[in-house]
Amino acid sequence: MKVAIGSDQNGLNLKNIVKEYITFKGIEVVDFGVNDVEPVDYPDVALLVANKVAAGDFDRAILVCGTGIGMAIVANKVPGVRAAQCYDVYSAERARKSNNAQVMTLGAQITGSELAKKLVDVWLESEFQGGRSLPKVERINEIDKHFHKVC
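Only a predicted model underlies this, so the values are computations on that prediction, with no experimental measurement involved. (Residues numbered from 1 in each chain as written. Predicted model: local features only at pLDDT ≥ 70, side-chain atom pairs only at ≥ 80, totals over all residues. Heavy atoms only, no water.)

### Digging into helix α2 (residues 42–54)
Okay, step 1: The terminal C-alpha atoms of α2 lie 18 Å apart, and with 13 residues this matches the ideal 18 Å at 1.5 Å per residue to within 8%.
Okay, step 2: Residues of α2 that are buried: V45, A46, V49, A50 and V53. Angularly, the buried residues of α2 cover 120 degrees about the axis, an arc narrow enough to put them on a single face.
Okay, step 3: In the core, the buried residues of α2 are packed alongside β1 (2–7), β3 (60–65), α3 (69–75) and β5 (103–107).
Okay, step 4: Where α2 terminates, the next one or two residues include G56, which has phi positive at roughly 85 degrees. (Helix = DSSP H or I, 4+ residues; strand = E, 2+ residues; numbered from the N terminus. Expected span 1.5 Å × (residues − 1). Buried < 20%, exposed > 50% of the residue type's maximum accessible area, 1.4 Å probe, protein only. Arc of directions from axis to C-beta. Contact = heavy atoms within 4.5 Å.)

This is the structure in structure tokens:
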């Protein structure tokens, strides 16, 4: 598995903790920044990482900002990407099992480092189950294609 990771300055510390944790687990992770506390517009980081996922360069991605909300909104603008803000174990599990989300977003101002590690474990270990969720994910893909037609 190959995982992309990125953050804004608000998510820098948690991003670094998660990156180190994933690396320790033997999973390949590529960091797309930021790497200092200078302010950056999180939409730029989210767009860069989400485009890498959409292109198939990465299996999954983790984005971190203050709440995780902004990163999820931006990543979901990229055709073919399903991003989910994960804030507890159940949301992390369902993001994968029910929604086949390739991008997890975390909020550094609301998620402690130990909880973040647990969320990452659950999210990385979970796989899409299909079943009753398959038609819903297929419908999401149809909607995505409809609104992202190339003119």
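### Quick word on the pattern of salt bridges
Side-chain pairs of opposite charge can arise where the charged atoms are in close proximity.
Okay, step 1: For the structure shown, the criterion picks out 9 salt bridges.
Okay, step 2: Several salt bridges converge on common partners, so that one network encompasses K15, K19 and D31. (Salt bridge = Lys/Arg side-chain N within 4 Å of Asp/Glu carboxyl O.)

### So, the side chain of S98
Okay, step 1: Along the polypeptide, S98 turns up in the loop between α4 (89–97) and β5.
Okay, step 2: Here S98 falls in the buried class, since its relative accessible area comes to 16%.
Okay, step 3: Among all residues touching S98, those that are not within four sequence positions of it are F128, S133 and V137.

### Here we look at the sheet that holds strand β4 (residues 83–85)
Okay, step 1: The strand order across the open sheet formed by 5 strands is β2-β1-β3-β5-β4, and the pairing between neighbours is parallel. With one partner strand each, in any of the chains shown, β2 (28–31) and β4 form the two edges of the open sheet. Taking the axes of each pair of neighbouring strands and ignoring which way they run, one obtains an average angle of 20 degrees across the sheet.
Okay, step 2: With 5 bridges connecting them, β3 and β5 associate as parallel partners. Looking across to β5, one finds that V64 is bridged to L106.
Okay, step 3: Helix-sheet contacts for helix α5 (residues 113–125) involve β1, β3 and β5, and the interaxial angle to β5 is about 170 degrees. (Pairing = 2+ DSSP bridges. Axes fitted to C-alpha atoms, helices over the stretch in contact; angles between N-to-C directions.)

### A word on the nonpolar core
Okay, step 1: The biggest cluster of nonpolar side chains holds 22 residues, and the ones touching the most others in it are V18, I22, I62, M104, L106 and V120.
Okay, step 2: Residues contacting L106, with those up to four places away along its chain left out, are L14, V18, I62, L63, V64, C65, T67, G68, C86, A116, L119 and V120.
Okay, step 3: One finds A50, L63, C65 and A83 within the second-largest nonpolar core, a separate group that totals 19 residues. (Core = buried A, V, L, I, M, F, W, Y, C linked by side-chain atoms within 4.5 Å.)

### Considering the pairing of β5
Okay, step 1: Of all 5 residues that make up β5, 5 are buried, and the element is covered over most of its length.
Okay, step 2: Of the two faces of β5, the one lined by V103, T105 and G107 and the one lined by M104 and L106 are each fully buried.
Okay, step 3: Here 3 bridges tie β4 to β5, and the two strands are oriented parallel to one another. Its bridge partner being in β5, A84 is matched across the sheet by M104.
Okay, step 4: Regarding topology, α4 serves as the crossover connection from β4 to the parallel β5, and that connection is right-handed. (Right-handed = clockwise from strand over helix to strand, strands pointing away.)

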